[in-house]
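Report on the structure
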Amino acid sequence: MVRSEGPVFIIATPGDVHALAVAARIEARDHEVVIWDSGRLPATDHLTLHLTKSGTRKVILDSTACGTVDLSRVRSIWWRRPAAPTISSTVDDAYIRAYCRSETDQLFRGALAGLKVPIYNDPDAEEKAARKPYHLSVASNIGMRLPETLMSCSAKRASEYCTASSPAIFKPFRAPPGSLASTREYQDVLSDKLSLLNNAPSIFQERIAPFRDVRVSVIGNKILAGVSQSRLIDWR
């Protein structure tokens, strides 16, 4: 249930045009909006979860950008585009830096998950939906037509697939943080690079000639669709 009081809390990176546009629409309806960059944790901003013996809980954000915000009292949260935690440069060991990021993420996402506040793009649901093997299995189970697909860290099996399924494309499960990784057509000249699969797996699929790419968003009971007619394999 959406609270009638408190601000709408948007988690987005600085200058996010989409977040700014939505915030302007919300403010035009006389609702308060707070946009906050989660990358400020824990080096600049601080998050505190206080659970008392009586069972009351508060999740307090102390931010140099937007002041003190009691997240347990916000109207709703939009998990728009979170940034990874920023660890102080005084922590110079890569292993310890990764540990600090993990601990910060445990507090941040765990605190949000325990709030009795609507979270749009719930990070736990989003994480599950982002697992390509999972959502391809779901799509197959409900009867959607799918291109033949191979996901593997085996150079031998990838080579056999690309030979038998030519033309084929390849793409990562996720783009590396801070960069884009496009879908590309597999060429024989790349065969000597397949040994890199020993470092990380990749996705290979039969190439479908670009025609219409439909992107669909479901908001409540509304279904909104956009169509691209680009002839590029990856028009993004």
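See the structure printed just above.
Residues numbered from 1 in each chain as written. Predicted model: local features only at pLDDT ≥ 70, side-chain atom pairs only at ≥ 80, totals over all residues. Heavy atoms only, no water.

1. With respect to the overall build of the chain
Within the chain one finds five helices and 13 strands. When its C-alpha atoms are laid out on the principal axes, the chain stretches across 60 × 45 × 35 Å. Going through the 236 residues of the chain one by one, you find that 26% of them count as buried. A separation of at least 24 residues holds for 60% of the contacts in the chain among residues at least 6 apart in sequence. Of the roughly 15800 Å² of accessible surface on the chain, a fraction of 53% belongs to carbon and sulfur atoms. (Helix = DSSP H or I, 4+ residues; strand = E, 2+ residues; numbered from the N terminus. Buried < 20%, exposed > 50% of the residue type's maximum accessible area, 1.4 Å probe, protein only. Contact = heavy atoms within 4.5 Å. Areas by Shrake-Rupley, 256 points an atom, 1.4 Å probe, with all protein chains shown as cover.)

2. Structural notes on the sheet that holds strand β1 (residues 8–11)
Pairing in this open sheet of four strands is parallel, and the strands run β2-β1-β6-β7 from one edge to the other. Of all strands in the sheet, those bounded by a partner on one side alone are β2 (33–36) and β7 (119–120). As defined by bridge partners, β1 adjoins β2 across four bridges and the pair is classed as parallel. When the sheet's bridge partners are listed, Ile11 is paired in β2 with Trp36. (Pairing = 2+ DSSP bridges.)

3. With respect to the environment of Pro85
Within the element layout of this structure, Pro85 appears in the loop between β6 (76–79) and α2 (94–113). With 19 residues separating them along the chain, Pro85 and Thr104 place their C-alpha atoms 6.8 Å apart.

4. So, the environment of Asp37
Examined against the element boundaries, Asp37 turns out to sit in the loop between β2 and β3 (46–51). Taking the C-alpha atoms as reference, Asp37 lies 5.0 Å from Thr13; in sequence the two are 24 residues apart. Once you skip the residues sitting within four places of it in the chain, Asp37 turns out to touch Ala12, Thr13, Pro14 and Ala83. A distance of 3.0 Å separates the side chain of Asp37 from the backbone nitrogen of Gly39, its partner in a polar contact. (Polar contact = N/O pair within 3.5 Å; in protein donor to acceptor, adjacent residues only side chain to side chain.)

5. Observations regarding helix α1 (residues 17–28)
For α1, built from 12 residues, the straight-helix expectation of 16 Å at 1.5 Å per residue is met to within 8% by its first-to-last C-alpha distance of 17 Å. Turning to α1, its buried residues are Ala19, Ala23 and Ile26. Viewed along the axis of α1, the buried residues span an arc of 60°, placing them on a single side of the element. Residues Val17, Arg25 and Ala28 are exposed on α1 and point more than 90 degrees away from its buried face. Buried positions along α1 lie against β1, β2 and β6. Measuring from the side-chain oxygen of the N-cap residue of α1 to the backbone nitrogen of His18 gives 3.0 Å; that N-cap residue is Asp16. Of the residues trailing α1, Asp30 is marked for its positive phi of about 65°. (Expected span 1.5 Å × (residues − 1). Arc of directions from axis to C-beta.)

6. Notes on the nonpolar core
Counting residues in each nonpolar core, the largest one holds 19 residues, and the members touching the most others are Phe9, Ile11, Leu47, Leu71, Ile77, Phe108 and Leu112. Elements represented by at least two residues in this core include exactly β1, β2, β4 (57–63), β6 and α2. When residues of this core are assigned to their parent elements, the largest contribution, three residues, is made by α2. Not counting the four nearest positions on each side in its chain, Leu112 is found in contact with Ile11, Leu71, Ile77, Trp79 and Ile119. (Core = buried A, V, L, I, M, F, W, Y, C linked by side-chain atoms within 4.5 Å.)

7. Examining the sheet that holds β3
Strand order in the open sheet formed by three strands is β3-β4-β5, and the pairing between neighbours is antiparallel. The sheet terminates laterally at β3 and β5 (67–70), the two strands that pair on one side only. Neighbouring strand axes in the sheet, compared pairwise and without regard to direction, differ in orientation by 20° on average. In this structure, β4 lies alongside β5, joined through four bridges in antiparallel fashion. Each bridged residue has a counterpart across the sheet, and for Ser63 the counterpart in β5 is Gly67. Together, β3 and β4 form the strand contacts of α2, whose direction differs from that of β3 by roughly 50°. (Axes fitted to C-alpha atoms, helices over the stretch in contact; angles between N-to-C directions.)

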